[in-house]
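Coordinate analysis (summary)
Single-letter residue listing:
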Amino acid sequence: MKKLLLVILLLSLVVGIGFFNLSNNSEAEVEVLKIGDQRGDWGYPTPHRHYLRGPGYLRMSLIFDTLIWKDESGFVSALAEDWSYEEEENYFTFNLRRDVNWHDGTEFTGQDVVFTFNYLQENPYGWANLNAVEKVELIDDYQVRVYLSQPYAPFLERVAGVVPILPEHIWAEIEKPREFTATEAVVGTGPYQLAEYNRTQGSYFYQANEDYYGGDPIVEELIFVKTNSPEVELQRGELNIVEVMPEAVESLAEAGFELMTGNHFWANKLMFNQHQEPFDQRKFRQALAHAINREELVERGLRGYGVEGSQGLISPDSKWAAKELPEYDYNPQKSRNLIEELGYSKEDGVYTKGDQSLEFTLLTQEDRISEIIKQNLKQVGIEVEIRVLDEASLDTKIDNWNFDLAISGHGGLGGDPMVLNQMILDDDPKSVRFKENQQLIDQLEKQLTIMEQDRRLEVVEDIQGIYAEELLAITLYYPEEYWASDGTIPWFYTAGGIAIGIPHPLNKLALIERDFD
Amino acid sequence: MKEKRLSGYLIALIIILLLNFILPRLMPGDPITAMYGDALTELTPELRIALEERYGLSKPLVGQFFNYLSNTVLNLDLGYSFYYEESVVQVVMNYLPWTLLLLLTSLILSTLLGFVLGVESGWEYNQRKDRLLLLILLIINGMPGIVVGSLLLIIFSWQLSIFPTGGAMTSHASYTGLVWLVDILHHLALPLITLVLTRLPSSYLLMRNSMFGVIEQPFIQLARAKGLKQERIKYVHGARNAMIPLITQVGIRFGTFLGGALFVENIFSYPGMGTLIYQALLNRDYPLLQGSLLLLSLIVLLVNFVTGLVIDRVDKGGY
């Protein structure tokens, strides 16, 4: 009898799963979806209180919508139904949706948009630089115009697609947004509402907004939890999607999990202190590029999970990547020749010139990659001593030009090519902060003002060419990140990364039935 | 004597206050760069200045120090966490209970277990039972906490799925009553066992040696001559006198033990002070570091103080 019951139970389970899979294609809802994360806490999901990294923005973006958003192929409408650019007067017009309510039932109008831009100019938000916005005008309840102070090509990708629209009726009175944690602080128009946030446990609990204008949420309850063993918990069925170590990819694929790898929008760079001899000489920097075996870095250092760096910085996956760039093949002999052309000669295996010998300190956060670089350079005749630091120490030393060589990385390489300006000119430890090539500066400034994509691309390609020629840092590689999921949700990678370029699959559009395109 | 002890504590407190301010700032790296990291790409110079202003980082270091001192000592105000945008006390109160739970349960368990095993072992010094216990505990003693913790995690959580992989409770499960309690104990088990195992050998060895020293004493002989029951002699007459070093050790080594607990928290992502301090360190969250370290130091001092009182009592009550 018991056996019979067991068989019936098993059969019904199998049928049940089959039915579930079938219905998944139509209208089925997932009751609970759990997403794991190694860090857990990314701050309270309001614009001013989430921590300013990608995962913090993503948690906030479930609640707050933007004017426009991106899916796997590019911009899609969000709070704005459509948008257009008026070149002569330099403004963007956004026609807003009329069927949108805030989570508390209040109607959303253009006034909220105008308010948000004004509010964020007074209370800056770390994810959106509004310096290019001159004013925002309400034309009627459902149409707004954003006037720019000068033509600003990154506007859609960096502003309209990033700025979370806030409800005026709640935020108008809030003078200190960084201290605003009341329940009204998480009233938005997005597909999910925050039900609970637990900082200590590093967890978030969201419930679907059944009235979402953009389509029905597929998942009823969405939970983010902290995990220190993502692969284990995924396999146990405790989590539905997690980021996993590349080394676990094969066994997870064999176990039937869906594996996703994003674009290569994050780069690790070898930075030089170009204010210091001999790094101030382009020829010497080029000699180093020939000395470093980037293929070995990927194959041995990353165990194959990555792509060699392009010296134009922009990832080859990006639509903005230059087709042709100066190349620096791995060629130790060529490297030695270049160094000797600069007047160095070898003494005990190390190049010296006068009292200056080529012995440097390499600052880094981890040592596997640096060991390979050390060996590569030793082969040429350059001695390197490795010093491992945490990120904050490393950034500060680079910021103060208190280093010889350093390995440091950053993302944002798939989104708007404005990242080139930030990583070449900005006063930021991730940037090379190089202002000596006027042609480069001119082209960088110019690319921001060209609203037409093809014409802009020409300038952007030119910039990458000059950058590769100057070689102010060696782009070492773009590592691969992997996500594994149990297939409950058809996740996808967003064109150019989510918002300003977050290279995660956790786009909120994957969680709703999309019907408004 | 008492005054001398108190002035000792006062000096310790002053040194702690000083170190708490100086040490975090000796680390290279500034809070804003540390916290904003990748997002620096949108950190405009104006925003940076506003943040420095907000966090009081634009003041000279001496000014910051006097601010800190007057706030901490006069107003008992531990300041405002840069990273969490909340008062340090509020932040710490979310994490401290978990550390205390882990710390106290493991302290009590390891002391009790060490006490009993030590008494049994010392009583039968160099006999079979003693030698077996000694061997087992010396083996455990040879393994660092991180090895014990990782082994437990891999075997009992990853492989056998008996215990959760980390955390202090199941998130958003809305458990209540007994289920809630069991859930918490379930999460507590592995870090607790790790800590008990790492501390057990030292309390065991101490108790064993001390017990061995006591059994030869005349008052034990006397008790035996009186014809008292073995268990009574062992525990009331023997162990009571032998336990002073064990209590002293709880006090003296409490600081080290606390350090160990903070470390074990990180292995099991247990949301206690260890996890909090580690994060605060990476973020260069000076006020949070100062506040957390100060509170923990105060707890250690308090435990030392209480241990002193307990020893006085046990000592006086001795035979």
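Remember, predicted model here, so these are calculated numbers, not experimental data.

Right, let's get into the overall build of chain B. Counting secondary structure elements, chain B contains 14 helices and 2 strands. With the C-alpha coordinates of chain B rotated into their principal frame, the extents come out at 85 × 55 × 40 Å. In chain B, which comprises 319 residues, the share counted as buried stands at 47%. Restricting to contacts in chain B with at least 6 residues of sequence separation, those with at least 24 account for 76%. Accessible surface computed for chain B: about 15700 Å², of which carbon and sulfur atoms make up 70%. When the 22 positive and 20 negative side-chain charges of chain B are each reduced to one mean point, those points stand 18 Å apart.

On to the interface of chain A and chain B, then. Each side of the interface is counted separately: chain A has 42 residues, and chain B has 47 residues. For the pairing of chain A and chain B, the buried interface totals around 3900 Å² over both sides, and the portion due to carbon and sulfur atoms is 47%. The three residues of chain A that bury the most area against chain B are Arg-178, Arg-199 and Thr-200 of chain A, which together make up 17% of that side's buried surface. Counting the contacts that link chain A with chain B gives 4 salt bridges. Salt-bridge contacts for Arg-199 of chain A lead to Glu-86 of chain B; the nearest nitrogen and oxygen are separated by 3.1 Å. The interface formed by chain A and chain B holds 16 residue pairs in polar contact (both at pLDDT 80 or more) in total. It is helix α12 (residues 391-399) of chain A that contributes the most residues to the side of chain A that touches chain B, 5 residues altogether. Each residue belonging to the side of chain A that touches chain B can be placed in one class, and the counts come to 13 nonpolar, 11 polar and 18 charged.

In this section: a negative patch on the surface. Taken together, the side chains of Glu-87, Glu-88, Glu-89, Glu-452, Asp-454 and Glu-458 of chain A present a region of like negative charge at the surface. Looking at where Asp-454 of chain A falls in the secondary structure, it is placed in helix α15 (residues 453-470).

All names here are of chain A. Following the sequence through the fold, Gly-415 ends up in the loop between β20 (405-410) and α13 (418-424). Gly-415 sits in the buried class, given a relative accessible area of 3%. Along the backbone, Gly-415 and Trp-127 are 288 residues apart, and their C-alpha atoms lie at a distance of 14 Å. Not counting residues within four places of it along the chain, the set of residues in contact with Gly-415 comprises Glu-157, Trp-320, Gly-496 and Ile-500.

Attention now moves to the domain arrangement of chain A. Residue and element names in this part refer to chain A. Considered domain by domain, chain A is made up of domain 1 (17-242 + 482-511) and domain 2 (267-479). Between the C-alpha centres of domain 1 and domain 2 there is a distance of 35 Å. Domain 1 puts 12 residues into the contact, and the matching count from domain 2 is 14 residues. Summing both partners gives a buried area of about 1100 Å² for domain 1 against domain 2, and 59% of it is carried by carbon and sulfur. Applying the counting rule to domain 1 against domain 2 returns 0 salt bridges. Here the residues of the side of domain 1 that touches domain 2 are counted per class, giving 8 nonpolar, 1 polar and 3 charged.

Residues and elements named next belong to chain A. Alternating positions in strand β22 (residues 482-485) separate into two faces, Tyr-482 and Ala-484 on one and Trp-483 and Ser-485 on the other, with burial throughout. Direction of pairing for strand β12 (residues 258-261) relative to β22: antiparallel, over a ladder of 4 bridges. Across the sheet, residue Met-260 finds its bridge partner in β22, namely Trp-483.

Residue and element names in this part refer to chain A. Viewed as axis vectors pointing N to C, helix α9 (residues 294-301) and helix α11 (residues 368-380) meet at an angle of 145 degrees, and their least axial separation amounts to 10 Å. With respect to the hand of their crossing, α9 and α11 are arranged in right-handed fashion. The segment α9 lies against α11, with Glu-296, Leu-297, Arg-300 and Gly-301 engaging Arg-368, Ile-369, Ile-372, Ile-373, Gln-375 and Asn-376. Along the lines of polarity and charge, the residues of the contact of α9 with α11 split into 4 nonpolar, 3 polar and 3 charged.

Turning to the sheet that holds strand β15 (residues 345-347) of chain A, a few remarks are in order. All names here are of chain A. With respect to topology, 3 strands assemble into an open sheet ordered β15-β16-β17, the strand pairing being antiparallel. Strand pairing shows two members of the sheet lacking a second neighbour, β15 and β17 (356-357), which therefore form its edges. In this sheet, strand β16 (residues 350-353) lies alongside β15 in antiparallel orientation, the contact comprising 3 bridges. Counterpart to Lys-346 in the pairing with β16 is Tyr-351.

This paragraph deals with the nonpolar core. Residues and elements named next belong to chain A. In this structure, Phe-94, Phe-155, Leu-222 and Trp-491 are the most contacted members of the largest nonpolar core, which totals 148 residues. If we skip the residues at most four places from it in the chain, Leu-222 touches Leu-33, Ile-35, Leu-62, Tyr-192, Tyr-204, Phe-205, Tyr-206 and Leu-511. Phe-279, Phe-284, Leu-288 and Ile-372 belong to the second largest nonpolar core, which has 34 residues in total.

Right, let's get into the domain arrangement of chain B. All names here are of chain B. Structurally, chain B comprises domain 1 (2-77) and domain 2 (95-316). One C-alpha centre belongs to domain 1, the other to domain 2, and the line joining them spans 33 Å. Contacts between the two partners involve 21 residues from domain 1, matched on the other side by 17 residues from domain 2. Regarding the contact of domain 1 and domain 2, the summed buried area is about 1700 Å², with carbon and sulfur atoms giving 68% of it. The tally of links between domain 1 and domain 2 comes to 0 salt bridges. Where domain 1 touches domain 2, the interface holds 3 residue pairs in polar contact (both at pLDDT 80 or more). Of all the secondary-structure elements, those providing two or more residues to the side of domain 1 that touches domain 2 are α1 (2-26), α2 (31-36) and α4 (61-74). In terms of residue count, the dominant contributor to the side of domain 1 that touches domain 2 is α1 (11 residues). Looking at the side of domain 1 that touches domain 2 residue by residue, the class counts come to 15 nonpolar, 3 polar and 3 charged.

This paragraph deals with the packing of aromatic side chains. Aromatic ring pairs: the centre-centre distance and the angle between the two ring planes describe each pair. Counted by the stated rule, this structure contains 36 aromatic pairs over all chains. Judged by centre distance (6.0 Å) and plane angle (70 degrees), the rings of Tyr-119 of chain A and Trp-171 of chain A are edge-to-face. With Tyr-119 of chain A in helix α3 (residues 110-122) and Trp-171 of chain A in helix α5 (residues 168-171), this residue pair connects regions lying 52 residues apart in the sequence. When the centroid spacing of 6.1 Å and the interplanar angle of 45 degrees are considered together, the rings of Phe-65 of chain B and Tyr-68 of chain B count as tilted. Here Phe-65 of chain B and its partner Tyr-68 of chain B are both found in helix α4, 3 residues apart, which amounts to about one turn of the helix. Relative accessible area serves as the criterion here: at 9%, Tyr-68 of chain B is assigned to the buried category. The residue whose ring lies beneath Lys-508 of chain A is Trp-69 of chain A, and the NZ or CZ to ring-centre distance is 4.4 Å. Directly above the ring of Phe-21 of chain B sits Arg-25 of chain B, whose terminal nitrogen or CZ lies 3.9 Å from the centroid.

Attention shifts here to unusual backbone geometry. Omega for the bond connecting Glu-277 of chain A with Pro-278 of chain A falls within 30 degrees of zero, at -10 degrees, which places this linkage in the cis form. Here Pro-278 of chain A is to be found in the loop between β13 (267-272) and α8 (282-291). Of note, the phi angle at Glu-85 of chain B is positive, near 55 degrees, even though the residue is not glycine. Structurally, the position occupied by Glu-85 of chain B is in the loop between β1 (80-81) and β2 (86-87). Assessed through its relative accessible area of 6%, Glu-85 of chain B is described here as buried.

Residue and element names in this part refer to chain A. If you trace the backbone, Asn-123 turns up in the loop between α3 and β6 (133-140). Of the residues examined, Asn-123 reaches a relative accessible area of 15% and is grouped as buried. With sequence-adjacent residues up to four places away left out, Asn-123 is seen in contact with His-48, Glu-175 and Pro-177.

What counts as what
Residues numbered from 1 in each chain as written. Chains lettered and ligands numbered in written order. Predicted model: local features only at pLDDT ≥ 70, side-chain atom pairs only at ≥ 80, totals over all residues. Heavy atoms only, no water. Helix = DSSP H or I, 4+ residues; strand = E, 2+ residues; numbered from the N terminus. Buried < 20%, exposed > 50% of the residue type's maximum accessible area, 1.4 Å probe, protein only. Contact = heavy atoms within 4.5 Å. Areas by Shrake-Rupley, 256 points an atom, 1.4 Å probe, with all protein chains shown as cover. Lys, Arg positive; Asp, Glu negative; His and termini not counted. Charge placed at Lys NZ, Arg CZ, Asp CG, Glu CD. Buried area = accessible area lost by both parts, 1.4 Å probe. Salt bridge = Lys/Arg side-chain N within 4 Å of Asp/Glu carboxyl O. Polar contact = N/O pair within 3.5 Å; in protein donor to acceptor, adjacent residues only side chain to side chain. Nonpolar A, V, L, I, M, F, W, Y, C, P; charged D, E, K, R; others polar. Patch = residues over 30% accessible without salt bridge, like charges linked within 9 Å, V, L, I, M, F, W, Y side chains within 5 Å. Domains from an automatic or database assignment. Pairing = 2+ DSSP bridges. Axes fitted to C-alpha atoms, helices over the stretch in contact; angles between N-to-C directions. Left-handed = near helix turned anticlockwise from the far one by under 90°. Core = buried A, V, L, I, M, F, W, Y, C linked by side-chain atoms within 4.5 Å. Phe/Tyr/Trp six-rings, centres within 6.5 Å; stacked < 30°, edge-to-face > 60°. Lys NZ or Arg CZ within 6 Å of the ring centre and 35° of its normal.

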